[in-house]
Amino acid sequence: VSPLELAGAYAALARGGRYRPPHGRADAEAPPRPLLTAVASFLVADILSDDGARALAFGTESDLAFNFRAAAKTGTSPDHRDNWVAGFTRDYTVVVWVGNPDGRPLRGTSGLEGAGPVFRQVMLRLGGRWLERPAGVEEAQICTETGLSPAPGCGRVARELFPQGASPRPDCAPTEAAFALECPRPWDRFQLDPGAPATSRFIRFRARAPVGSKVEWTLGGELLAITTADHEILWPASPGAFELYVRGPGAELVRR
C-alpha cells in the first residue's frame, strides 16, 4: 500500500464513508462511491480521536495530542523498516511514511517516534474542524467495568457513542460495596520497554470502593493521590521495586 492509497482510505472515513480515488488535478475528481455507512465511519473516527485511549501507550503529551480534535493511527512494521502515521480532520487527511530508501531497518523507531513529529507539524500547520455527528448516532452512559447500562452503585461510569438503538440496555449488577484493590493484582509483574519514551510509561492503579468514599494511594512512602469518585489513577512508572499502600473504607491493602 502506498502513502497515497492509504490517504484515500482514511479520507473516506473523513467523508462519512464515501471513497474517492486520490488524484492530483481538481478537474479529475471521480464521483464518490459508498464504502462504509456514515455511522460506522463516524464511530471509527471517534475512536481514533480519543486522546485518553492513547494515553497508556503514548502518554498524555505525545505528538498525536493537539489543541483541536484529530483522528490518528500509528503503524510500525515488525522489522522497523516502515513508520506510519495516518490521520484526519473534517478538512484534511494526512499520511506520513518514514523509512530508509534502500529498505534498511530503522534503529528501533516506532511510528510515533519516526513519523509522529512530521505528522504533528503538518497537522498544526493545517488545523481543521472535527466531523459533524451524523444522524443515527446516540450517546449513552455505560458502566466501565461491564460495558452495560449502569445500575445504582456503579463506581465508574462513562459516556460512549453507539449506533441508534444499539446502546446497552440491561443494567449491570451493582458494584460491590466491599473495598478491594483490583489493579495491580498480587501476581502482576510489570516490565518497562527501554525503547519507549518516558512519557508513555504508565501503570494503571484501580480500586473498588463505594462512590463518595475516600481512598488514599501511597507509593514508596509518598502520597500519590486521594480519590473520592473514580478510584483509578495513572502512575508514571519508573524502574525499581515499590510498595503500594491503599487505604480505603475500613481497610488498608498492600501490593509489593
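Note: the structure precedes this text.
In this report, we go over the structure that sits alongside the text. The residue count restarts for each chain, going from 1 along the sequence in the order it is written. For a predicted model such as this one, the threshold for reporting local features is a pLDDT of at least 70, and the threshold for listing and counting side-chain atom pairs is 80 or more; totals across whole chains, interfaces and linings nevertheless cover every residue. Hydrogens and waters are ignored; side-chain quantities use all the structure's heavy atoms.

## A few points about the nonpolar core
Part 1 of the reasoning: Of all hydrophobic cores here, the largest spans 18 residues; its most connected members are Tyr10, Phe42, Phe88, Trp130, Leu131 and Val137.
Part 2 of the reasoning: Elements that contribute at least two residues to this core include exactly helix 1 (3-14), helix 2 (38-48) and strand 4 (83-88).
Part 3 of the reasoning: Under the scheme used here, helices are H or I runs from DSSP no shorter than 4 residues and strands are E runs no shorter than 2 residues, and both carry numbers assigned from the N terminus. With 5 residues, the single largest contributor to this core is helix 2.
Part 4 of the reasoning: Working definition of a nonpolar core: buried Ala, Val, Leu, Ile, Met, Phe, Trp, Tyr and Cys residues. They are joined through side-chain atoms within 4.5 Å. Between buried and exposed lies partly exposed: a residue is buried under 20% and exposed over 50% of the maximum accessible area for its type, with that area taken using a 1.4 Å probe on protein chains only. Counting residues in each nonpolar core, the second largest holds 14 residues, with Leu181, Val215, Trp217 and Trp235 among its members.

## Here we look at the sheet that holds strand 13 (residues 244-248)
Part 1 of the reasoning: Spatial strand order, 11-10-13-14: 4 strands in an open sheet with antiparallel pairing. Looking along the sheet, the strands with just one partner apiece sit at the ends: strand 11 (222-227) and strand 14 (251-255). Within this sheet the neighbouring strands show an average axis-to-axis angle of 15 degrees, counted without direction.
Part 2 of the reasoning: Pairing between two strands requires that DSSP report at least two bridges joining them. Sheet topology places strand 10 (residues 215-219) next to strand 11; 5 bridges connect them, and they run antiparallel. Across the sheet, Val215 pairs through a bridge with Thr227, a residue of strand 11. Only the stretch in contact is used when a helix axis is fitted, and all axes are lines through C-alpha atoms; the angle between N-to-C directions ranges over 0 to 180 degrees.

## Some words on the side chain of Ser62
Part 1 of the reasoning: In this fold, Ser62 is placed in the loop between helix 3 (51-58) and strand 3 (71-76).
Part 2 of the reasoning: Accessibility expressed as a relative area gives 10% for Ser62, which makes it buried.
Part 3 of the reasoning: Look past the residues within four positions of Ser62 in its chain and what remains in contact with it is Leu112 and Arg120. Only heavy atoms matter for contacts: two residues are in contact if any of them lie within 4.5 Å across the pair.

## Quick word on the pairing of strand 5 (residues 93-98)
Part 1 of the reasoning: Strand direction decides the pairing type here: strand 4 and strand 5, joined by 6 bridges, are antiparallel. Bridging across to strand 5, Ala86 finds its partner in Val95.
Part 2 of the reasoning: Counting the residues in the hairpin turn of strand 4 and strand 5 gives 4 residues.

## Description of helix 5 (residues 116-126)
Each α-helix turn comprises 3.6 residues. Residues three or four places apart therefore point the same way.
Part 1 of the reasoning: Buried within helix 5 we find Gly116, Phe119 and Met123. All buried residues of helix 5 fall inside an arc of 60 degrees around its axis, so they share one side. Every exposed residue of helix 5 that faces more than 90 degrees away from the buried side is listed here: Gln121 and Arg125.
Part 2 of the reasoning: Looking at the buried side of helix 5, the elements it contacts are strand 3, strand 4, strand 5 and helix 4 (111-114).
Part 3 of the reasoning: Directly after helix 5, the chain includes Gly127, whose backbone phi takes a positive value near 65 degrees. Taking the helix axis as origin, the arc is that swept by the directions to the C-beta atoms.

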